[in-house]
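The primary structure of each chain is shown beneath.
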Amino acid sequence: MTALVELTDVSKFYGNIRALEGVSLEVHAGEITCVLGDNGAGKSTLIKIIAGLHRHDAGTFAIEGEEVRLDSPREALDRGIATVYQDLAVVPLMPVWRNFFLGSEPTKGAGPFKRLDVAKMRETTRSELLRMGIDLRDVDQPIGTLSGGERQCVAIARAVYFGAKVLVLDEPTAALGVKQSGVVLKYVAAARDAGLGVVLITHNPHHAYLVGDRFVLLKRGAMAGSHAKSEIALDELTRQMAGGSELDQLSHELSRAGVTPGTGEPTDKGM
């Protein structure tokens, strides 16, 4: 199958600074590709390239087999790539239905009688959220009154409704508690089951392993690993995410310094 999105040896430089170098990933319909990395690993730069905010400097970026160089987020949207950022870009005091259609409001009438089709927006928002399994009490309530998890779910449902083929999620569970994170991951899986290709950016290997089909690990702008779920266990994914050999070296140094790793207790109890 042709990948919906395929990056091959993609690099991005800002002057002498290497933000991303030699990164490859594939996004297929009905699959979730998780991109994992610590702060400064290059995840944000990768998002910006896929979303059309920045052009890559080297390598190839293909959408459904066609090599592209995106010039803007609008071009990415037109090609079916929707990006949901951590801040969600919602207007807190506006109703849920207004945020659902923000920037793409349907109208009725013509000329001086042209106006927003409020009834259609309300009904569509309600039905689309229900289709994703989100049962809101009232789509007229300000979106700012929803929980962080509910706002993430509205953004995912919006992307599905407007015809996204690829959904890029920027750390959707980063600021959420355990229960809300579980709710968001359920709707991420629902987007996958609806046939979308999902790119899940996260620094939490446990969340990634719950829903992911492929895992790409970044470290200081470079590839640190690429695995299918069948090829790697959660413990090993967590170990690689945490630093792998560097973590082993740190453990060795701590034991030499007289501290038992994981406990903070002196190795010599008689001291």
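Residues numbered from 1 in each chain as written. Predicted model: local features only at pLDDT ≥ 70, side-chain atom pairs only at ≥ 80, totals over all residues. Heavy atoms only, no water.

**Q** Describe the overall build of the protein chain, and please don't skip the residues or the numbers.
**A** Regarding its fold elements, the protein chain presents 9 helices and 12 strands. Counting the 271 residues in the protein chain, one finds 43% classified as buried. Here the analysis covers contacts within the protein chain between residues at least 6 apart in sequence; of these, 64% occur between residues at least 24 apart. Roughly 13800 Å² of accessible area belongs to the protein chain as shown, and the carbon and sulfur atoms make up 51% of that amount. (Helix = DSSP H or I, 4+ residues; strand = E, 2+ residues; numbered from the N terminus. Buried < 20%, exposed > 50% of the residue type's maximum accessible area, 1.4 Å probe, protein only. Contact = heavy atoms within 4.5 Å. Areas by Shrake-Rupley, 256 points an atom, 1.4 Å probe, with all protein chains shown as cover.)

**Q** Got a sec to walk through the nonpolar core? Specific residues and values, please.
**A** As a rule of thumb, nonpolar side chains are buried together in soluble globular proteins. Counting 45 residues, the largest nonpolar core has Leu129, Ile134, Ile156, Leu167, Leu169 and Phe215 as its most contacted members. The element contributing the most residues to this core is helix α5 (residues 148-161), with 7 residues. Beyond its immediate chain neighbours, meaning those up to four positions away, Leu167 contacts Ala82, Val84, Ile156, Ala159, Ala191, Leu196, Gly197, Val198 and Val199. Counting residues in hydrophobic clusters, the runner-up holds 26 residues, among them Val27, Ile47, Val168 and Leu218. (Core = buried A, V, L, I, M, F, W, Y, C linked by side-chain atoms within 4.5 Å.)

**Q** Describe in detail the environment of Glu231, supporting the description with residues and values.
**A** Position of Glu231 relative to the elements: it lies in the loop between β12 (222-228) and α8 (234-242). Classification of Glu231 as exposed rests on a relative accessible area of 57%. Placed 16 residues apart in sequence, Glu231 and Phe215 show a C-alpha to C-alpha distance of 10.0 Å.

**Q** With reference to specific residues and values, describe the packing of helix α4 (residues 118-131) against α5.
**A** Two elements in contact, α4 and α5, have axes whose closest approach is 10 Å; the angle formed by their N-to-C orientations is 105°. Relative to α5, the element α4 is oriented roughly perpendicular. Of the residues in α5, those in contact with Thr124, Glu128, Leu129 and Arg131 of α4 are Val154, Ala157, Val160 and Tyr161. In terms of residue class, the contact of α4 with α5 is built from 5 nonpolar, 1 polar and 2 charged. (Axes fitted to C-alpha atoms, helices over the stretch in contact; angles between N-to-C directions. Parallel < 35°, antiparallel > 145°, perpendicular 65-115°, else oblique. Nonpolar A, V, L, I, M, F, W, Y, C, P; charged D, E, K, R; others polar.)

**Q** Tell me what's going on with the packing of aromatic side chains, and back it up with residues and numbers.
**A** One pass over the full model with this rule turns up 7 aromatic pairs. Each ring, one from Tyr161 and one from Phe162, has its centre 5.0 Å from the other, and the planes form 80°; the classification is edge-to-face. Tyr161 gets classed as partly exposed once you look at its relative accessible area, which sits at 30%. Cluster of aromatic residues (ring-pair linked, three or more members): Phe100, Phe101, Tyr161 and Phe162. Positioned over the ring face of Tyr209 is Lys229, at 4.9 Å from the centre of the ring. (Phe/Tyr/Trp six-rings, centres within 6.5 Å; stacked < 30°, edge-to-face > 60°. Lys NZ or Arg CZ within 6 Å of the ring centre and 35° of its normal.)

**Q** Give a description of the packing of α5 against helix α6 (residues 178-193) that names residues and reports values.
**A** It is at 8 Å that the axes of α5 and α6 come closest, and there the two elements cross at 10°. Judged on the interaxial angle alone, α6 and α5 are roughly parallel. For the pair formed by α5 and α6, the contact residues are Gly148, Gly149, Gln152, Cys153, Ile156 and Val160 on the first element and Gln180, Val183, Val184, Tyr187, Val188 and Ala191 on the second. Looking at the contact of α5 with α6 residue by residue, the class counts come to 8 nonpolar, 4 polar and no charged.

**Q** Give a description of the side chain of Thr33 that names residues and reports values.
**A** Tracing the sequence through the fold places Thr33 in strand β3 (residues 32-36). Judged by its relative accessible area of 1%, Thr33 is buried. Ignoring anything within four residues of it in the chain, the contact list for Thr33 reads Glu26, Val27, Val198, Val199, Leu200, Arg214 and Val216.

**Q** Kindly report on the pairing of strand β2 (residues 17-27), identifying the contributing residues and their values.
**A** The sheet contact formed by strand β1 (residues 5-14) and β2 spans 7 bridges and is antiparallel. Residue pairing for β2: Tyr14 is matched across the bridge by Ile17. Linking β1 back to β2 in an antiparallel pair, the connection comprises 2 residues, with Gly15 at a positive phi of about 65°. (Pairing = 2+ DSSP bridges.)

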